[in-house]
Amino acid sequence: MDKDIATLIFWIALLAVRVVCVACLLGMRVCCPIHGPIELGPASAHVACTSAMLRLDGVRQLGGCAYVYPSATHTRRAHSLGVAHLSRVAGERLRAIRPDLVSAQDVARLEMAGLVHDLGHGPFSHLFEVCFPGFSHEEEGLRQLSLLAQRDHEFVALAATYLGEGWEQAVWAMMIGD
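How each quantity is defined
Each residue is numbered by its place in its chain's sequence as written, counting from 1. Residue-level local features of this predicted model are given only where pLDDT is at least 70; pairs of side-chain atoms are given and counted only at 80 or more, and the full residue set underlies all totals for whole chains, interfaces and linings. Hydrogens and water are ignored here; the side-chain numbers use all heavy atoms of the structure. Summary of the metric used: pLDDT quantifies the predictor's per-residue confidence within the range 0 to 100. Helix numbering and strand numbering both begin at the N terminus, where a helix is a DSSP run of H or I of at least 4 residues and a strand a DSSP run of E of at least 2. Side-chain atoms within 4.5 Å are what join buried Ala, Val, Leu, Ile, Met, Phe, Trp, Tyr and Cys residues into a set we call a nonpolar core. Relative accessible area decides the class of each residue, using a 1.4 Å probe on protein chains only: under 20% of the type maximum gives buried, over 50% gives exposed, and in between gives partly exposed. Every residue pair with non-hydrogen atoms within 4.5 Å of one another is taken to be in contact. Axis lines are fitted to C-alpha atoms, over the contacting stretch for helices. Their N-to-C directions set the angle, which ranges from 0 to 180 degrees. Relative orientations are named as follows: roughly parallel for angles under 35 degrees, roughly antiparallel for angles over 145 degrees, roughly perpendicular for angles from 65 to 115 degrees, and oblique for any other angle. Note on convention: the crossing is left-handed when the near helix lies turned anticlockwise from the far helix by less than a right angle, right-handed when the turn is clockwise. When residues are sorted by character, Ala, Val, Leu, Ile, Met, Phe, Trp, Tyr, Cys and Pro go into the nonpolar class, Asp, Glu, Lys and Arg into the charged class, and all the rest, Gly among them, into the polar class. By definition, a salt bridge exists where a carboxyl oxygen of Asp or Glu is found within 4 Å of a side-chain nitrogen of Lys or Arg.

1. Regarding the confidence of the model for the protein chain
Here's step 1: With 79% of its residues at a pLDDT of at least 70, the protein chain reaches an overall mean of 81.
Here's step 2: Taken element by element, the predicted model of the protein chain shows its lowest mean pLDDT in helix H1 (residues 2–23) (58) and its highest in helix H6 (residues 104–116) (94).

The structure is reproduced here in structure tokens:
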């Protein structure tokens, strides 16, 4: 009987994630304990619902420090959502000051760069890179985003609409500071 209940809970959780992902087509609102309600645009909301982003719930922001400080439970996903929010806020402020230089597409790209900047992190965050020289979480994140762009036709349509042509190179440049 316990196995049946576990299976039922699994399918209900999976269905809930799918319902949330369908709602992502309109954007997404996340409740953040630090920033309050965070709103993501449609392209970023779609990426936030992918398995690559949800995986970051299991990667701690502070890596191995959580073993010394057990209450340090911040995840890479929560951090990435906060960075996406702050990136959007900064972009919108720049756009308000200089609408001739900053477009809505630039703001959406900046939000996406903030969201995916840690997408490629391995277990124990930066400690993983120390143990595996040559591994770059930035490059792995871009690889995962590129795979998403190749496989997910819905994301491709959202990226074309909201991020525009050449978005991958622009997001990469924003991630690495070019």
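2. Regarding the nonpolar core
Here's step 1: If you look at the biggest cluster of nonpolar residues, it comprises 31 residues, and the most contacted ones within it are Val-47, Val-116 and Phe-155.
Here's step 2: Elements with a minimum of two residues in this core: strand E1 (28–32), strand E2 (36–40), helix H2 (42–48), helix H5 (76–97), H6, helix H8 (137–151), helix H9 (153–163) and helix H10 (167–176).
Here's step 3: A per-element tally of this core places H6 first, with 5 residues.
Here's step 4: Among residues more than four places away in sequence, those in contact with Val-116 are Val-47, Leu-145, Val-171 and Met-175.

3. Here we look at the packing of H6 against H10
Here's step 1: Their axes nearest at 9 Å, the elements H6 and H10 cross at an angle of 60 degrees. Classified by the angle between their axes, H6 and H10 sit oblique to one another. You can see that H6 and H10 cross each other, and the crossing is right-handed. Counted together, Asp-106, Arg-109, Leu-110, Met-112, Ala-113 and Val-116 of H6 and Trp-167, Ala-170, Val-171, Met-174 and Met-175 of H10 form the full contact between these two elements.
Here's step 2: Across the contact of H6 with H10, the residue classes break down as 9 nonpolar, no polar and 2 charged.

4. Some words on the pattern of salt bridges
Here's step 1: The full count for this structure, using the stated rule, is 6 salt bridges.
Here's step 2: For Asp-118, the salt bridge goes to Arg-76, with nearest N and O atoms at 2.6 Å. Here Arg-76 lies in helix H5 and Asp-118 lies in the loop between H6 and helix H7 (126–131), a separation of 42 residues in the sequence. Of the two residues examined, Asp-118 and Arg-76, each falls in the buried class.
Here's step 3: The partner of Arg-88 in a salt bridge is Glu-92, and the shortest N-O contact between them spans 3.1 Å. With Arg-88 and Glu-92 both in helix H5, this residue pair falls 4 residues apart, about one helical turn.
Here's step 4: Residues joined in a network through salt bridges with shared partners are Arg-88, Glu-92 and Glu-111.

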